[in-house]
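# Coordinates in review
What follows is each chain in one-letter form.
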Amino acid sequence: MTSYTVINPATERPVTQIEHTTAEQTDAAIERAARAQEAWRAVAPGDRGRLLRRFAEEIDAHVDELAALETTGSGHPVGAATWEAGQVRDVLAYYAAAPERLTGKQIPVPGGLDVTFKEPLGVVGLIVPWNFPMPILSWGLAPALAAGCTVVAKPAEMTPLTAIRIGELALAAGLPEGVFQVLPGKGSVVGQRLVDHPLVRKIVFTGSTEVGQQIMAGCARHIKRLTLELGGKSANIVFADADIERAAASAPYAVFDNAGQDCCARSRILVESSVLDRFMELLEPAVKSVRVGDPAAADTEMGPLISGAHREHVASYVPADAPVAFRGSAPDGAGFWYPPTVLAPVAADAPAYTEEIFGPVVTVTPFADEAEAITLANDTPYGLSGSIWTENVGRAVRVARAVETGNLSVNSHSSVRYWTPFGGFKQSGLGRELGPDAVDAFTDVKNLFIATN
Ligand code: NDP
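Keep in mind that this is a model prediction, so the values were computed, not measured.

## Details of helix α2 (residues 45-61)
For α2, which comprises 17 residues, the first-to-last C-alpha distance of 24 Å matches the rise-based estimate of 24 Å (1.5 Å per residue) to within 8%. Among all positions in α2, only R48, G49, L51, L52, F55, A56 and I59 are buried. Looking down the long axis of α2, one finds its buried residues gathered within 160 degrees of arc, a one-sided arrangement. Exposed residues on α2 whose side chains face more than 90 degrees from its buried face are E57 and A61. Against α1 (23-40), α3 (63-74), α4 (78-96), α5 (133-147), α6 (161-172) and β7 (180-182) lie the buried residues of α2.

This is the structure:
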């Protein structure tokens, strides 16, 4: 059996060693989950809801512990990590209300009664990335459990600690054995087994578009249900009639949050030419004032990148001759630090402009008018999020309807809200997570006709 040493990204020191789950152990866990599902789906809706509420309370009692684990194991600033642990609690509490509301329809049919049921799919395989280990786990976990599915989760190899602890807290809250299992290990072993095993009826995957494509092909063999949350290269569009001060002051947080390791990062700022100089003047102090440093400090806004290899990958987008307009700060010495970096002007075919960097690097590109802003925003295979800054309500709605992306904000950079739907257009994904309808994605509709004569 192999193992992985979790490294603190802020210090490069080892935190702990985690044994990898083997393919055989994965199969055994999937079979356990399938057995557990027969009993779990039969738990009365009110009792399933009660258990999910208890699970949420258990998380709430351990928010600080979970946040500290994420700070040490993933380098997230403690303020952000505390919010993330709180989101796990809130997502569980939100979907705890779903079991009693999982209603079907009664459809008028002559000669009998026609009703629909939303039947749970069975075992769900949840493949989680390293950038937001806690929230992304909960987005799949909570609605799946509410629907009557059982869950086998594979955290990312680099960031397994909070998922393992959340698995323990589920048992402490009274969830029956086998209803939620966490299998730390490799994507190529555990993740692949979840995709290939016929007893896993649905995969929920968040990660790179490349691996997402492989998973989609693997699921096709079993017509396995699939939700994909993939990459992004989202635009932050600033029109000349916007509140430029607010747009510039908030732009760094729309891309440097989580050190840019965020699929929703607004990593392309598009600015109407007539206000470009003013915007850049205002953006510079905003970028330089982002507090980058020790993730354990309460006022830190940006921590390190996840690993040395990822830092090299991010740095490859900023070669020595890159058009660096200005940069923020980052600590020297140990830790996978990279300063917030603004590139301008960038060529339309520069990899920094076209590819997802997943680090604290943003490009600024001018546009002439509304039509060009929309063309530039849509000139990407991705379509996950985006922002529009304008005081003209008609333009806000026109542009929002024209930009091909799943989640947009006007005069704000709202992050994911668990009670609204989240997901991507084009190559950013398939299906939607969160919001009032998420439980449906863990069910199949059954139609039943009962003759009355
Ligand atoms: P991956 O897509 O490789 O990893 C995401 C998850 O999938 C991990 O749990 C991983 O396991 C697992 N996985 C990997 N290969 C397979 C497989 N063949 N079958 C099943 N599961 C698999 O992302 P990376 O960590 O390599 O990041 C690369 C880039 O992807 C980033 O730089 C970023 O651009 C993008 N990304 C986007 C994310 C998003 O939120 N949309 C999240 C993460 C990355 P393991 O940990 O063992 O690799």
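What follows continues from the structure just given.
## Thoughts on the site of the ligand
Close to the ligand lie 27 residues; W130, E157, G187, S208 and L230 are nearest. A distance of 2.8 Å is found between an oxygen atom of the ligand and a backbone nitrogen or oxygen belonging to V128. W130 is positioned with one of its side-chain polar atoms (N or O) 2.6 Å from an oxygen atom of the ligand. Considered on its own, the ligand offers 860 Å² of accessible surface; in the complex 83% of this is hidden by protein. Mapping the ligand onto the cavity grids shows that it belongs to the largest pocket. Within the residue set of the shell around the ligand, elements represented by two or more residues are α7 (187-196), β8 (200-206) and α8 (209-220). Among the residues forming the shell around the ligand, the class breakdown is 11 nonpolar, 11 polar and 5 charged.

## Quick notes on the sheet that holds strand β18 (residues 443-451)
Spatially, 3 strands are ordered β3-β4-β18 in an open sheet, and the strand pairing comes out antiparallel. Bordering the open sheet on either side are β3 (106-109) and β18, each of which pairs with just one other strand. Averaged over all adjacent pairs, the angle separating strand axes in this sheet is 25 degrees, with direction ignored. Pairing of strand β4 (residues 112-120) with β18 involves 9 bridges; the strand directions are antiparallel. If you follow D114 over to β18, its bridge partner there is F449.

## Thoughts on the pattern of salt bridges
For the structure on display, the rule yields 20 salt bridges. Residue R89 is joined to D90 by a salt bridge in which the shortest nitrogen-to-oxygen separation is 2.8 Å. Overall, the relative accessible area of 25% leaves D90 in the partly exposed class. Close ionic contact of D241 with R395 constitutes a salt bridge, the shortest N to O distance being 3.2 Å. Of the two residues, D241 sits in the loop between β10 (235-238) and α9 (244-256) while R395 sits in helix α14 (residues 393-402), which places them 154 residues apart along the sequence.

So, how was this worked out
- Residues numbered from 1 in each chain as written.
- Predicted model: local features only at pLDDT ≥ 70, side-chain atom pairs only at ≥ 80, totals over all residues.
- Heavy atoms only, no water.
- Helix = DSSP H or I, 4+ residues; strand = E, 2+ residues; numbered from the N terminus.
- Expected span 1.5 Å × (residues − 1).
- Buried < 20%, exposed > 50% of the residue type's maximum accessible area, 1.4 Å probe, protein only.
- Arc of directions from axis to C-beta.
- Contact = heavy atoms within 4.5 Å.
- Near = heavy atom within 4 Å.
- Polar contact = N/O pair within 3.5 Å; in protein donor to acceptor, adjacent residues only side chain to side chain.
- Areas by Shrake-Rupley, 256 points an atom, 1.4 Å probe, with all protein chains shown as cover.
- 1 Å grid on protein atoms, 1.4 Å probe; cavity = no way out; pocket = protein on both sides within 12 Å on 5 of 7 lines; lining within 4 Å.
- Sits in = over half its atoms within 2 Å of the grid points.
- Nonpolar A, V, L, I, M, F, W, Y, C, P; charged D, E, K, R; others polar.
- Pairing = 2+ DSSP bridges.
- Axes fitted to C-alpha atoms, helices over the stretch in contact; angles between N-to-C directions.
- Salt bridge = Lys/Arg side-chain N within 4 Å of Asp/Glu carboxyl O.

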